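Each chain, letter by letter, is given below.
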Amino acid sequence: MSVISSSNLTSAIYSALSGVNAAQQEMSVKSDNISNTKTVGYTKKTAERTNNIFGGVNITKISRSVDNFLIKDMRNQTADLGMVNALKDVYQRLQNNLGKPGGSGDLSVQVNNLAASMESFAASPENGMLKNQVINDAVILSNRVNDLAGTIQNLRAYADSKIDETVKSINTLTTQIDSLNNKIVVAEANGQDITRLEDQRDQAVTELSTKIGINVHLRANNTLLVQTKASQTLVDGGVNLITYTPQNVVGAATVYPAGFNPILLNGLSDLTTTVQDGALKGWIDARDSDMPAVAAEIENFATSLRDAVNKIHNQGTAFPPQNTLTGTTLLPSGGATTLSMTGSVRIATVDAAGKFVTSTDINLAGVVPATVSGLITAINTNPALAGSVTASLIGTAPNQTLQLVSNTAGNGIAVNSYDSVPASTSQVQIGGAGPSRSFSFAFGLNDFFTGTDTAAVVGDFSASMQVRSDLAANPNRLSHGSLSLNTPFGPLPLPTTPNTAVTSGDRAIAQSLANVFGQPTSFGGAGNLPNVIQTFSGYAGTIFANQGYRANLLNDQSEQKSDVLTNLNTQIGSVSGVNLDEEMAQLTIVQNAYNAAAQALKTSDQMFDQLLSIMG
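Basis of the calculations
- Residues numbered from 1 in each chain as written.
- Predicted model: local features only at pLDDT ≥ 70, side-chain atom pairs only at ≥ 80, totals over all residues.
- Heavy atoms only, no water.
- Phe/Tyr/Trp six-rings, centres within 6.5 Å; stacked < 30°, edge-to-face > 60°.
- Helix = DSSP H or I, 4+ residues; strand = E, 2+ residues; numbered from the N terminus.
- Buried < 20%, exposed > 50% of the residue type's maximum accessible area, 1.4 Å probe, protein only.
- Pairing = 2+ DSSP bridges.
- Axes fitted to C-alpha atoms, helices over the stretch in contact; angles between N-to-C directions.
- Contact = heavy atoms within 4.5 Å.
- Expected span 1.5 Å × (residues − 1).
- Core = buried A, V, L, I, M, F, W, Y, C linked by side-chain atoms within 4.5 Å.

**Q** What's the story with the packing of aromatic side chains in this structure? I'm lost.
**A** Where two aromatic rings form a pair, the distance of their centres and the angle of their planes describe that pair. Counted under the stated rule, the structure contains seven aromatic pairs. A ring pair is formed by Phe301 and Phe536, whose centres lie 6.3 Å apart and whose planes are at 80 degrees; its orientation type is edge-to-face. Here Phe301 is found in helix α6 (residues 279-313), whereas its partner Phe536 is found in helix α12 (residues 536-576), with 235 residues between them in sequence. In this structure Phe301 comes out as buried when scored by relative accessible area, which is 0%. Residue Phe536 is classed as buried on the basis of its relative accessible area of 0%. Geometrically, the ring pair formed by Phe523 and Phe536 is edge-to-face, given 5.5 Å between the ring centres and 85 degrees between the ring planes.

Encoded structure:
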């Protein structure tokens, strides 16, 4: 017969009690899992049992079911998606402004409208209504170019504001992660369950990865080191905050680093060019790369159209010619600006009937000194003009331009740069740089389109492009014919026959203007477009199509990355997520274990009472 000692009963009671306590904790964990089946960011918890050396069991740790490799991949994909979605947002806004192909906002449609009105004008250059239509369509086209240029800068300003917003979100999240790091250290030191805190920290880290690409490392003390992909520390025993001040006004000249402020980490390191993905990267790219590329394409269109139309318009004159020709080309050193000149130019005054009053040809290569002042002197002292023309500089340095004025109010002034005579065509290069152009075109004496065009700024001309103000106000100043080269010239008196300078029915220049729109033009590479030879309508259509392609590509990338992320989250869920059926089944097992341990405890307690009664 075996003897039951008090020590054996004590050991049995201890074992049963530990079993009850362990089962209670396990039921609590299982119940927690079940109640958080659909809680975002919650990971399945497991109570880890350890056999006690003196019998019984203990719950030594509550652990999470996580796959760190899948989580790392998920965060990388999240960062990529954040970047794509930021760019997608900007391009969608751009598409909303561009409108549908063939719609009222389609630049190629407006180009075709101007081309059609130019063609009609060329057929009847004396028709005032057709002149008005040309100017009206040109104003609509230039206004649309301005609108597009403004839209692009507005989108850059929008992206800049989103950079500021994203930086603030990053600081909020990194501060939260640092706080959770500290709470986890304290809780773990006090033997408390830290899994909920770890879940919260993981959620914050995942949210952070949508804003900026990060690398995460687990320290030995269970805190997280969070760095950018360029190894710049955001969280590590403290927070390195990011500071950024957005611009209130963004224009074509506002570029990084001269125009936009740096994105500073801890007030020292500039992150602007080192951010690799996440929404912050998308906003930076939209502001500094993507939208400037679109601006460059619009600028290329606008400046090419300006030059092509102005070149022809400067070859002609209105009927009757206007009294004053004011240049648009800025002369960097005023009268001292050097000129490289060859060929000849004919300058004449013409009466209201289109007859010569005075006329002379100037051999440009013979102008000494070869400066703007030298040219002005050569014109003003030419005996054939007999003081009927005054050449001068107007404006204030360095914004001076050349002006030619007919000194008789009823007479106009006309210029023929010998563009139609190859051997005598004038060629003028201003200031020893830039292109060589025929006389009137070089100085912009009879431009059609005007606007600010700073060499170092991409997009300022398209933002300011307009029909020359006096031409827009008076369409009768539209060039359609040219100053005759057939009439002799020289000192007064001029021969009485032939003495026709310009005629109302001369349509040669008008037709050349119309031809500009139908002829293929060589466009240099700009933005995301390569060197191409297209019509202006075709190039405008290509710009719109390119943006549509980019927007669709970003939509596709967003969908693809979202699908990849969904699959990754499914895989993570299979590891970390709670399976309700499984947890319910396990809860039943734990409840049975609890009941068995409780019964064992009850039985042991009864036996211990009987033992005490016997011994008593």
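**Q** It is not clear to me how the sheet that holds strand β4 (residues 224-228) should be interpreted in this structure. Could you clarify?
**A** Strands in a sheet are paired, the pairing made by backbone hydrogen bonds, and the direction either parallel or antiparallel. Here three strands make up an open sheet; going across it, the order is β3-β4-β5 and the pairing antiparallel. For this open sheet the edge positions go to β3 (214-218) and β5 (233-235), each flanked by a neighbour on one side alone. Neighbour-to-neighbour, the strand axes of the sheet open up by a mean angle of 30 degrees, direction not taken into account. Relative to β5, β4 runs antiparallel, the two being bridged by two bridges. Paired with Val226 across the two strands is Val235, which belongs to β5. Each of β3, β4 and β5 is contacted by helix α5 (residues 195-211), which is oriented at about 160 degrees to β3, the strand it contacts most.

**Q** How do you make sense of helix α2 (residues 68-98) when you look at a structure like this?
**A** Along its 31 residues, α2 runs 45 Å from first to last C-alpha, staying within 8% of the 45 Å computed at 1.5 Å per residue. At the exit of α2 stands Gly99, carrying a positive phi of roughly 80 degrees.

**Q** Please explain the pairing of strand β14 (residues 401-406) as it appears in this structure.
**A** Walk down a regular strand and you will see the side chains alternate between the two sheet faces. Counting buried residues in β14 gives five out of six residues, a clear majority hidden from the surface. As judged from the three bridges shared by strand β9 (residues 324-326) and β14, these two strands associate in the antiparallel manner. When the bridges of β14 are listed, Thr324 appears paired with Val405. As paired strands, strand β13 (residues 389-394) and β14 are joined by six bridges and run antiparallel to one another. Within the sheet, the bridge partner assigned to Val389 lies in β14 and is Ser406.

**Q** How should the nonpolar core be read in this particular structure?
**A** One broad trend across soluble globular proteins is that nonpolar side chains are buried collectively. One finds Phe301 and Phe448 to be the most contacted residues of the largest nonpolar core, which totals 84 residues. Once residues within four sequence positions are removed from consideration, Phe448 is found in contact with Met118, Val134, Ile135, Ala138, Val309, Asn310, His313, Gln466, Val467, Arg468, Leu471 and Leu478. Counting residues in each nonpolar core, the second largest holds 26 residues, with Leu339, Val345, Val415 and Leu445 among its members.

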